[in-house]
Amino acid sequence: MEFQPEVLISEEELALRVKALGNAITSDFENEEVLIICILKGAFMFCSDLMKEINLPTRLDFMQLSSYGDGMKSSGSVKIDLDISESIKDKNVIVVEDIVDSGLTMKTLLELLQARGPKAVKIASLLFKPSKNIHKVPIDYLGFEIEDKFVIGYGLDYAGRYRELPYVGVVNAGN
Ligand code: 5GP
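Since the model is a prediction, treat every value here as computed from it, not as a measurement.

Draft legend 1. Spatial organisation of the nonpolar core. Core analysis: the largest hydrophobic core is formed by 30 residues, its most contacted members being Leu50, Val96 and Leu127. Counting residues per element, the ones that place at least two in this core are α1 (11–29), β2 (34–40), α2 (44–52), β5 (92–100), β6 (120–128), β7 (141–145) and β9 (168–170). The element that contributes the greatest number of residues to this core is α1, accounting for five residues. Other than its neighbours up to four places away in sequence, Leu127 contacts Ile9, Asp98, Ile99, Val100, Leu142, Phe144, Ile146, Val151, Leu156 and Val168. Ranked by size, the runner-up nonpolar core spans 18 residues in total, among them Leu35, Val93, Leu110 and Val137.

Shown next as structure tokens:
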């Protein structure tokens, strides 16, 4: 049966916030080149909209990470399924993520990237769930803080579906 998701963050709210994040990145890096690392698959839509709002010379690469667990919960270990294809040595890196929950994925990734000698590594995350956050990672560019609910849409999936929704929605149990 199909879900009827409830809108949590509308398309208009997303566009406004993404524009503000793009402006902040543009002014922080002042004409320096940045390498955007889009974390697949969930960040693809946020990343593509964000890049359009960054007025800097940019490069783009992709990583895919998986954390093992069942269904709607993330668990204790993070695996790299796809790595970037270029060196980040002495580069300004912006990791673009969909959501920080326990923080394990970003903490693991940050340690790995920092060991590769970049000039700077910043994290941009569309969403943050403070209630579940165990591994404290600094989110330099945050879209929205949300309650501890499972969200879908705007790139985020539930069992591979609903990524195409133009808004962030909540899956309500029972519908
Ligand atoms: P963390 O390692 O911070 O616990 O988990 C981060 C990852 O868990 C995200 O990149 C995302 O893939 C997944 N995740 C956490 N919360 C949600 C959620 O509410 N909806 C969806 N679709 N994925 C989530």
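Draft legend 2. Local environment of the sheet that holds strand β8 (residues 151–152). If you trace the three strands from one edge of the open sheet to the other, you get β1-β9-β8, paired in antiparallel fashion. A strand with exactly one partner marks an edge of an open sheet, and here the two such strands are β1 (6–9) and β8. With two bridges joining them, β8 and β9 adopt antiparallel strand pairing. By the bridge assignment for β9, Ile152 is matched with Gly169.

Draft legend 3. Just a nonpolar patch on the surface, in detail. Judged by side-chain polarity, Leu60, Phe62 and Leu82 come together as a nonpolar surface patch covering roughly 220 Å² of accessible area. Its relative accessible area of 36% is what places Leu82 among the partly exposed residues.

Draft legend 4. View of the pattern of salt bridges. Per the counting criterion, the structure on display carries 10 salt bridges. Note that Lys89 and Asp90 form a salt bridge whose closest N and O atoms lie 3.9 Å from each other. Accessibility expressed as a relative area gives 53% for Asp90, which makes it exposed. With a closest N to O distance of 3.6 Å, Asp157 and Arg163 form a salt bridge. On the basis of relative accessibility, which here comes to 24%, the residue Asp157 falls in the partly exposed class.

Draft legend 5. Just the packing of aromatic side chains, in detail. As enumerated under the stated definition, the model contains one aromatic pair in all. Relative to Tyr158, the ring of Phe150 has its centre 5.9 Å away and its plane inclined at 75 degrees; by these criteria the two rings are edge-to-face. For Phe150, a relative accessible area of 21% puts it in the partly exposed group. Assessed through its relative accessible area of 27%, Tyr158 is described here as partly exposed. Geometry around Tyr162 places Arg161 over its ring, the cationic atom sitting 4.7 Å from the centre.

Conventions adopted
Residues numbered from 1 in each chain as written. Predicted model: local features only at pLDDT ≥ 70, side-chain atom pairs only at ≥ 80, totals over all residues. Heavy atoms only, no water. Core = buried A, V, L, I, M, F, W, Y, C linked by side-chain atoms within 4.5 Å. Buried < 20%, exposed > 50% of the residue type's maximum accessible area, 1.4 Å probe, protein only. Helix = DSSP H or I, 4+ residues; strand = E, 2+ residues; numbered from the N terminus. Contact = heavy atoms within 4.5 Å. Pairing = 2+ DSSP bridges. Patch = residues over 30% accessible without salt bridge, like charges linked within 9 Å, V, L, I, M, F, W, Y side chains within 5 Å. Areas by Shrake-Rupley, 256 points an atom, 1.4 Å probe, with all protein chains shown as cover. Salt bridge = Lys/Arg side-chain N within 4 Å of Asp/Glu carboxyl O. Phe/Tyr/Trp six-rings, centres within 6.5 Å; stacked < 30°, edge-to-face > 60°. Lys NZ or Arg CZ within 6 Å of the ring centre and 35° of its normal.

Any link to function would need more than the numbers given here.
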